[in-house]
Amino acid sequence: MGKFLSTLSCLMLFCLTGISADDKLTGTVIGTKDCVDYSTNRKTTTVNTCANAFDSDLNTFFASWDRNYTWAGLDLGSPHVITRVGWSPRNDGLGEERVVLGVFEGSNSPDFMDALPLYLIDERGKIGQMSYADVSCSRGFRYVRYIGPDDARCNIAELEFYGHEGQGDDTHLYQVTNLPTVSIHTKDGVIPYDKEHEIASHFTIISDNGTRILSEPGSTRERGNASRSFPKKPYRIKFDKKQLVLDAPGKAKKWTLINNYGDKTLMRNLLAFELSRRLGMPYTPYGAAVDVLLNGEYKGCYQLCDQVQVHPHRVNITEMTPFDIYGSALSGGYFIEIDAYANQEKSWFNSAKNNPVTIKSPDEDSITTQQKSYIRNYFNTMESQWETYLDKNTFLRHFLVGELSGNTDTYWSVFMYKERDDDLMYTGPVWDFDLAFDNDQRTYPVCSKNDYIYRSGGSCAGNMRSFVDKIVILNAAAKAQMLDIWDEARQSGLTEENLVAWIDEMEAELQQSQRLNFMRWDVMNRLVHQNVKLWGSYTAEVQNVRRFMKERLAWMDKKLQYTYVPNAIVELDVDLSLPYQVFSLSGLYCGHRLDGLRPGVYVVRQGQSARKMVVR
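Scope of this entry: the structure provided in the associated data block. The written sequence of each chain sets the order in which its residues are numbered from 1. Local features in this predicted model are restricted to residues whose pLDDT is 70 or higher, and side-chain atom pairs enter the listing and the counts only when it is 80 or higher, whereas totals over whole chains, interfaces and linings include all residues. Here the side-chain values reflect all heavy atoms present in the structure, with hydrogen atoms and water set aside.

**Overview of the overall build of the chain**
Move 1: The helix and strand tally for the chain stands at 10 helices and 26 strands.
Move 2: Only heavy atoms enter the contact rule, under which two residues are in contact if any of them lie within 4.5 Å. Residue pairs at least 24 apart in sequence account for 70% of intrachain contacts in the chain once pairs closer than 6 positions are excluded.
Move 3: Exposure was quantified through the Shrake-Rupley algorithm and a 1.4 Å probe, taking into account, for residues, occlusion by the shown protein chains and nothing else. In the structure as shown, the chain presents an accessible area of about 26,200 Å², 48% of it carried by carbon and sulfur atoms.
Move 4: We score Asp and Glu as negative and Lys and Arg as positive, and we do not count His or the chain ends. Taken as the charge centre is NZ of Lys, CZ of Arg, CG of Asp or CD of Glu, depending on the residue. Distance between charge centroids for the chain: 4 Å, based on 68 positive and 78 negative side chains. To qualify as a helix, a DSSP run of H or I must reach at least 4 residues; to qualify as a strand, a run of E must reach at least 2; elements of each kind are numbered from the N terminus.

**Points about the packing of helix 9 (residues 496-520) against helix 10 (residues 538-559)**
Move 1: Two numbers describe how helix 9 lies on helix 10: the axes approach to 10 Å, and their chain directions differ by 160 degrees. With respect to their mutual orientation, helix 9 and helix 10 come out roughly antiparallel. Crossing geometry of helix 9 relative to helix 10 is assigned as right-handed. Side by side, helix 9 and helix 10 meet where Glu-496, Leu-499, Val-500, Ile-503, Asp-504, Glu-507, Leu-510, Gln-511, Gln-514 and Phe-518 of the first sit next to Tyr-538, Thr-539, Val-542, Val-545, Arg-546, Met-549, Lys-550 and Leu-553 of the second.
Move 2: Residue composition of the contact of helix 9 with helix 10, by class: 10 nonpolar, 3 polar and 5 charged. Angular values range over 0 to 180 degrees, each being the angle between N-to-C directions of two axes fitted as lines to C-alpha atoms, with helices fitted over their stretch in contact. The cut-offs work like this: below 35 degrees is roughly parallel, past 145 is roughly antiparallel, 65 to 115 is roughly perpendicular, and the gaps in between are oblique. Should the near helix be turned counterclockwise from the far one by less than a right angle, the crossing is left-handed, whereas a clockwise turn marks it as right-handed. Each residue gets one label: Ala, Val, Leu, Ile, Met, Phe, Trp, Tyr, Cys and Pro are nonpolar, Asp, Glu, Lys and Arg are charged, and the others, such as Gly, are polar.

**Focus: the sheet that holds strand 18 (residues 334-339)**
Each strand in a sheet pairs with another by means of backbone hydrogen bonds, the pair being arranged parallel or else antiparallel.
Move 1: The 5 strands lie next to each other as 19-20-18-21-22, forming an open sheet whose pairing is antiparallel. Edge positions in the open sheet fall to strand 19 (348-350) and strand 22 (426-427), since each of these has one partner strand only.
Move 2: As paired elements, strand 21 (residues 413-418) and strand 22 share 2 bridges and run antiparallel to each other. Its bridge partner being in strand 22, Tyr-417 is matched across the sheet by Tyr-426. At least two bridges found by DSSP between two strands is the condition for calling them paired.

**A few points about helix 6 (residues 392-404)**
Move 1: By definition here, a helix of n residues has an expected span of 1.5 Å times n minus one. Between its terminal C-alpha atoms helix 6 stretches 18 Å, which fits the 18 Å expected from 13 residues at 1.5 Å a residue.
Move 2: For every residue, the accessible area (1.4 Å probe, protein chains only) is compared with the maximum for its type, and the residue is labelled buried under 20%, exposed over 50%, or partly exposed between those bounds. Burial within helix 6 is extensive, with 11 of its 13 residues counted as buried.
Move 3: Of the positions making up helix 6, those classed as buried are Thr-394, Phe-395, Leu-396, Arg-397, His-398, Phe-399, Leu-400, Val-401, Gly-402, Glu-403 and Leu-404.
Move 4: Close packing links the buried residues of helix 6 with helix 3 (268-278), strand 21, strand 22, helix 7 (464-472), helix 8 (476-491) and helix 10.
Move 5: Residue Gly-406 follows helix 6 closely and has a positive phi angle near 65 degrees.

**Thoughts on the packing of aromatic side chains**
Move 1: Centres within 6.5 Å make a pair out of two Phe, Tyr or Trp rings, where for Trp the six-membered ring is used; the pair is then stacked when the planes are under 30 degrees apart, edge-to-face when over 60, and tilted otherwise. For the structure shown, the criterion picks out 30 aromatic pairs.
Move 2: Taking 6.4 Å as the distance between ring centres and 25 degrees as the angle between the ring planes, the aromatic pair formed by Phe-395 and Tyr-411 counts as stacked. One end of the pair, Phe-395, is in helix 6; the other, Tyr-411, is in the loop between helix 6 and strand 21, with 16 residues separating them in the sequence. Across this residue pair, the class does not change: Phe-395 and Tyr-411 are buried.
Move 3: The rule is short: NZ of Lys or CZ of Arg within 6 Å of the ring centre and within 35 degrees of the ring normal puts a charge over the ring. The lysine or arginine in question, Lys-418, covers the ring of Tyr-378, its NZ or CZ lying 5.2 Å from the ring centre.
Move 4: Positioned above the aromatic ring of Tyr-564, the side-chain terminus of Arg-490 is 4.1 Å from the ring centre.

**Section: the pairing of strand 11 (residues 181-186)**
Move 1: Burial of strand 11 is extensive: 6 of the 6 residues sit out of reach of the surface.
Move 2: Burial along strand 11 is two-sided: the face carrying Thr-181, Ser-183 and His-185 and the face carrying Val-182, Ile-184 and Thr-186 are both buried.
Move 3: Summarising the sheet, strand 11 and strand 12 (residues 199-207) pair through 6 bridges and their orientation is antiparallel. Bridging across to strand 12, Thr-186 finds its partner in Ser-201.
Move 4: Bridge count between strand 11 and strand 16 (residues 287-294): 4 bridges; the pairing is parallel.

**Details of the environment of Thr-427**
Move 1: Here Thr-427 shows up in strand 22.
Move 2: Residue classification places Thr-427 among the buried residues on the basis of a relative accessible area of 1%.
Move 3: Distance in space between the C-alpha atoms of Thr-427 and Asn-393 is 8.7 Å, their sequence separation being 34 residues.
Move 4: The contact partners of Thr-427, leaving out residues within four places of it in the chain, are Met-281, Leu-390, Thr-394, Phe-395, His-398, Val-414, Phe-415, Met-416 and Tyr-417.

**Points about the pattern of salt bridges**
Move 1: What counts as a salt bridge is simple: a side-chain nitrogen of Lys or Arg found within 4 Å of a carboxyl oxygen of Asp or Glu. Applying the stated rule across the entire model yields 35 salt bridges.
Move 2: Glu-198 serves as the salt-bridge partner of Arg-221, at 3.5 Å between the closest nitrogen and oxygen. Here Glu-198 lies in the loop between strand 11 and strand 12 and Arg-221 lies in strand 13 (residues 212-222), a separation of 23 residues in the sequence.
Move 3: Accessibility expressed as a relative area gives 37% for Glu-198, which makes it partly exposed.
Move 4: For the salt bridge of Asp-469 with Arg-455, the shortest nitrogen-to-oxygen distance reads 2.8 Å. Within this pair, whereas Asp-469 is found in helix 7, its partner Arg-455 is found in the loop between strand 22 and helix 7, the two being separated by 14 residues in sequence.
Move 5: Salt bridges sharing partners connect three or more residues here, namely Asp-150, Glu-297, Lys-299 and Arg-520.

**Some details on unusual backbone geometry**
Move 1: Each neighbour pair has its own omega, and for Gly-332 with Gly-333 the value is 5 degrees, a cis peptide bond.
Move 2: Along the polypeptide, Gly-333 turns up in the loop between strand 17 (297-306) and strand 18.
Move 3: The residue Cys-154 is not glycine, and still its phi comes out positive at about 65 degrees.
Move 4: Positionally, Cys-154 belongs in the loop between strand 9 (140-147) and strand 10 (156-165).

**What to know about the sheet that holds strand 11**
Move 1: The strand order around the closed barrel built from 7 strands is 11-12-13-14-15-17-16, with neighbouring strands paired in mixed fashion. Geometrically, the sheet is characterised by an average inter-axis angle of 35 degrees between neighbouring strands, direction not taken into account.
Move 2: On top of the sheet, helix 9 reaches strand 16 and strand 17; it is set at about 125 degrees to strand 17, its chief contact.

**Re helix 3**
Move 1: With 9 of its 11 residues buried, helix 3 lies for the most part within the structure.
Move 2: Within the span of helix 3, buried status applies to Arg-268, Asn-269, Leu-270, Leu-271, Ala-272, Phe-273, Glu-274, Leu-275 and Ser-276.
Move 3: Summarising the contacts, the buried residues of helix 3 are in contact with strand 15 (252-258), strand 16, strand 17, helix 6, helix 9 and helix 10.
Move 4: Looking one or two places after helix 3, you find Gly-280, whose phi comes out positive at around 75 degrees.

**Structural notes on the packing of helix 6 against helix 8**
Move 1: The N-to-C vectors of helix 6 and helix 8 enclose an angle of 65 degrees; their axes lie 10 Å apart at closest approach. In the packing of helix 6 onto helix 8, the handedness of the crossing is right-handed. Counted together, Lys-392, Asn-393, Leu-396, Arg-397, Phe-399, Leu-400 and Leu-404 of helix 6 and Ala-478, Gln-481, Met-482, Ile-485, Trp-486 and Glu-488 of helix 8 form the full contact between these two elements.
Move 2: Here the residues of the contact of helix 6 with helix 8 sort into 8 nonpolar, 2 polar and 3 charged.

**Focus: the side chain of Ser-109**
Move 1: Inspection of the secondary structure assignment puts Ser-109 in the loop between strand 6 (103-107) and strand 7 (116-120).
Move 2: Identification of polar contacts relies on pairs of N or O atoms within 3.5 Å, with a donor-acceptor requirement for protein atoms, meaning one able to donate a hydrogen and the other able to accept it, and with residues adjacent in sequence counted only if both atoms are side-chain atoms. Of the polar contacts made by the side chain of Ser-109, one reaches the side chain of Asp-111; its length is 2.5 Å.
Move 3: When sequence neighbours within four positions are dropped, the list of residues in contact with Ser-109 reads Asp-114 and Tyr-143.

**Describing the environment of Asp-291**
Move 1: Tracing the backbone through its elements, the reader meets Asp-291 in strand 16.
Move 2: Look at Asp-291 and you get buried, because its relative accessible area is 0%.
Move 3: Put simply, Asp-291 and Ile-206 are 85 residues apart on the chain and 9.9 Å apart in space, counted from C-alpha to C-alpha.
Move 4: Aside from chain neighbours lying at most four places away, what touches Asp-291 is Val-176, Thr-177, Leu-179, Pro-180, Thr-181, Val-182, Tyr-298, Gly-300, Cys-301 and Ser-513.

None of this, on its own, says anything about what the molecule does.
Here's what the structure looks like:
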């Protein structure tokens, strides 16, 4: 009878408190050593220590001296699978808020370099009582901890961990939201602080609803130019060995984490990449929305994407060596950026027509005098003889992406490349769209302008505005080719219906992550960067992009004097034994053979029939 009552009592305790049937775990207290004594406001190692978080007293608390990246935890002595965590905030006026976005982690290394997230707190705590959450992570950990959120000094009254001993497995791991979770841990907790110093790191990417994990060493540094000035920092991560990340098309060492601080939809760059694909750019950077943790602190929703570089799955040109200094080898490949910030780089030049150019590859550490001289001379020749040396196909497609997105910065920074034994300079890939889609107060509303954005307030490096004018404004053949490209894209799925559907799908995918992001970065009702106005909510921010996309598509049709007729394209079987003629959509004669034509939409005349057709 007594055993029955004891069991009944345990079941009642479980029902009343929600505490897991697994044991409450004990171990050696570990954590940040330096604490704050609020009575003297001085650093201490004896007052308000992390031991207070495990003394079963809700009236004591741990408070670290440093405001960020501080923690309290347990060494359990052996691996345990954690099934539940509990917490209670410090009993003061700010305590309930101080636990929001706090993170629990587990590790099998005392430096937590291999740590995995266990749980992120997404609501206020409750003074004087414990809150609990189930943990969905099947791996066992010897070391467990709680990391306080930004600017909180950890400030926790009590912590509890529940679980059972065991190594566990990786059948199911914790993701912060439905998006992949990228967790970065740096050696000795050093936070990346500039673009030059690489900080030794360990990266963990958890995806596919917690069933897939990539865990590898590497290094981290900051990246970007203007974006580095924001509180939410952008990062470049580099694996020690090439890795296949998420569903990217190929392995690589270098990847970027774009912060999207001023883009409150968190999707503008990804939408621009979608436009790039639909407008037929030969290479569009891979990108995916992710949640990022740095040394256990939640950093927000980022865009994980390619590092734009010479690479078989990126800018696919010959990668030069210092020995490529004669003959054919000297002709390429070169990857450059017409860049307003070029003079801040080590390897750059100002062109004959005053356009600043950064040489991206060969890089600054390996480029030779001969190579630098070659690309400078070639670029100067291309500028003055662009009809001969510029690939108009990629230039015009890149131009259309910039204009369709209303991108202020299209010619503030533009990538170009030249392959070995190829006389042409190619344009791409597209990049940097945080100010696009009506997100720049200097050019808003973009669709009210009568001219292209690059001529109506857009930012241009050097004399790029004049260079672009010569092609898209003053050259009849280029304008006709651009109309052909536009028609090809419109007839191949660049429609209002498809673009709105893409935005709708991305909005739904980002819902969970955007909520946490704007808890971490309270900017939804503040103007940051070049924001136009306060739209008031995430839904309203996305609606602004949706509205712009509809208006801009119609604006581009009108500007190009193009009439979109849905389903106008039909496949035409040509009898190759009979004569026929091929024309562009603008009426330019393209010859009497289909062989050798670039992909696009053409008018084929055979006998009395003339119909549109697609060449793939």
